[in-house]
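Residues per chain are reported as follows:
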Amino acid sequence: MQPKPNIVHLPVYQPGKPVDDVKRELGLTEVIKLASNENPFGSSPKAKEAIAREVENISIYPDGAAVELTNAVAKRFGVNTDQVIFGAGSDEIILMIARAFLVPGDETIMADQTFPQYKHNVQIENATIIEVPLKDGTHDLQAMSERVTDKTKVIWVCNPNNPTGTINTADEVEQFLAKVPSSVLVVLDEAYCEYVEDPSFPDGLKLLAKYPNVILLRTFSKIYGLASLRIGYGIGRPDVIRSINQVREPFNTSRFGQAAALAALQDDEFIAFCRAENKKGLAYFNKSFAELGLKAFPAYGNFIMVDVKRSGQEVFDALLRKGIIVRAGHKLYPTYLRITVGSQEENEKVIAALTAVLQELAVKV
Ligand SMILES: *Cc1c(COP(=O)(O)O)cnc(C)c1O
């Protein structure tokens, strides 16, 4: 049997190591995982109650169109219900966009170090990938706009960018959109937008109102703390949403995902708490890195990317032995670690461990 030639070389996704495996392998009792930008405060208690109620219905298929949740999201963001689509995480919306819009030979533009699912999914469709270097860890939107040709179909902009954590300002994004032809779909991935307080950060909904070739991607996995339930959404122009709906699997989101998302969306208090704690965590990391003589990219999401000035993999391994899981191995930033903002207690343990590791490694050299 022969699979599609363009998938033969694709790697199988390597998830961060599960906490229990690390505990067992290293004989540790306490392990802190700050590798996947999960919410250290869990999720809204309202979401848990909604799931408990939904247990009664597990033998019944979910509502494929997620009508109730669609209504709630549309109302919350002031758009029509035909402008909203749900996926099994925004990962699945990325997949569906690639599936619905790209054929072999189409060109698609993205940054050279950004969320890996864009590249992964467009490779499956055999589209031609144009990667544009980040500038100081930030999308170079000017350079990206210059790479548009009459073959360009989709452009991916991750704001804040994962893994660097940087943002593009409203002015930058707007100038970019003004240059991109209206026939090109611009995906604005705003997985971390609820964390961003900087006044220069764009309001995606305003951009969508002015530039209908935009689709916004958002998720319940990050600030809402529902990563395991796999639910995210897209907001766009009705005909774009319809095209994506045409390739959507009939029951792509679960009852639990829909019920929990609906409840989580109403709990503004929990979101405000997470945003405030995250802000303190980022300030603590920035201060601690400065004290260690390390530079980090300006961070706006719930993670920060720091230059440890030696092999990031080596520091990663040493932190792992101390029971701390972070993220290394970024192809263009081999000396950087990406660290999720945890609770204050977790953040202090990470900085203590990092301080010790950097001292140990410095002595070794
Ligand atoms: C986490 C993340 C997503 C998707 O998360 P889902 O769990 O699939 O909703 C999308 N984009 C970026 C940039 C992310 O970091």
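Note that the structure is a prediction, hence the values are computed from the model and not measured.

### Looking at the packing of helix 11 (residues 268-291) against helix 13 (residues 344-364)
Next up, step 1: The interhelical angle for the contact between helix 11 and helix 13, taken along N-to-C directions, is 15 degrees, at an axis separation of 10 Å. By the criterion of interaxial angle, the relationship of helix 11 to helix 13 is roughly parallel. Every pair of crossing elements has a handedness; the one defined by helix 11 and helix 13 is right-handed. Contact residues: G281, Y284, F285, S288 and F289 in helix 11; Q344, N347, E348, I351 and L354 in helix 13.
Next up, step 2: Here the residues of the contact of helix 11 with helix 13 are counted per class, giving 5 nonpolar, 4 polar and 1 charged.

### Side note on the site of the ligand
Next up, step 1: Near the ligand lie 13 residues; those nearest to it are S90, Y192, T219, S221 and K222.
Next up, step 2: For the ligand, a nitrogen atom lies 2.6 Å from a polar atom in the side chain of D189.
Next up, step 3: The fraction of the free accessible surface of the ligand (390 Å²) that becomes covered by protein chains is 94%.
Next up, step 4: The element contributing the most residues to the shell around the ligand is helix 4 (residues 89-101), with 3 residues.
Next up, step 5: In the shell around the ligand, the residues fall into 4 nonpolar, 5 polar and 4 charged.

### Describing the domain arrangement of the protein
Next up, step 1: Its domain assignment divides the protein into domain 1 (5-30 + 269-364) and domain 2 (45-267).
Next up, step 2: For domain 1 versus domain 2, the separation of C-alpha centres amounts to 25 Å.
Next up, step 3: The interface is formed by 26 residues belonging to domain 1 together with 30 residues belonging to domain 2.
Next up, step 4: Across the interface of domain 1 and domain 2, roughly 2,400 Å² is buried in total on both sides, 58% from carbon and sulfur atoms.
Next up, step 5: Considering only the surface of domain 1 that becomes buried against domain 2, R275, Y300 and F303 emerge as the three largest contributors, covering 26% of it.
Next up, step 6: Counting the contacts that link domain 1 with domain 2 gives 2 salt bridges.
Next up, step 7: In this structure, E131 engages K331 in a salt bridge whose closest nitrogen and oxygen atoms are separated by 3.4 Å.
Next up, step 8: The tally of links between domain 1 and domain 2 comes to 12 residue pairs in polar contact (both at pLDDT 80 or more).
Next up, step 9: When residues of the side of domain 1 that touches domain 2 are assigned to their parent elements, the largest contribution, 7 residues, is made by helix 11.

### Quick word on the sheet that holds strand 7 (residues 214-219)
Next up, step 1: Strand order in the open sheet made by the 7 strands is 2-8-7-6-5-3-4, with mixed pairing throughout. Two strands bound the open sheet, and with one partner strand each, they are strand 2 (84-87) and strand 4 (128-132). Taking each pair of neighbouring strands and ignoring which way they run, the sheet shows an average axis angle of 20 degrees.
Next up, step 2: Pairing of strand 2 with strand 8 (residues 232-235), which is carried by 4 bridges, proceeds in the antiparallel orientation. Within the sheet, the bridge partner assigned to V84 lies in strand 8 and is I235.

Criteria and cut-off values
- Residues numbered from 1 in each chain as written.
- Predicted model: local features only at pLDDT ≥ 70, side-chain atom pairs only at ≥ 80, totals over all residues.
- Heavy atoms only, no water.
- Axes fitted to C-alpha atoms, helices over the stretch in contact; angles between N-to-C directions.
- Helix = DSSP H or I, 4+ residues; strand = E, 2+ residues; numbered from the N terminus.
- Parallel < 35°, antiparallel > 145°, perpendicular 65-115°, else oblique.
- Left-handed = near helix turned anticlockwise from the far one by under 90°.
- Contact = heavy atoms within 4.5 Å.
- Nonpolar A, V, L, I, M, F, W, Y, C, P; charged D, E, K, R; others polar.
- Near = heavy atom within 4 Å.
- Polar contact = N/O pair within 3.5 Å; in protein donor to acceptor, adjacent residues only side chain to side chain.
- Areas by Shrake-Rupley, 256 points an atom, 1.4 Å probe, with all protein chains shown as cover.
- Domains from an automatic or database assignment.
- Buried area = accessible area lost by both parts, 1.4 Å probe.
- Salt bridge = Lys/Arg side-chain N within 4 Å of Asp/Glu carboxyl O.
- Pairing = 2+ DSSP bridges.

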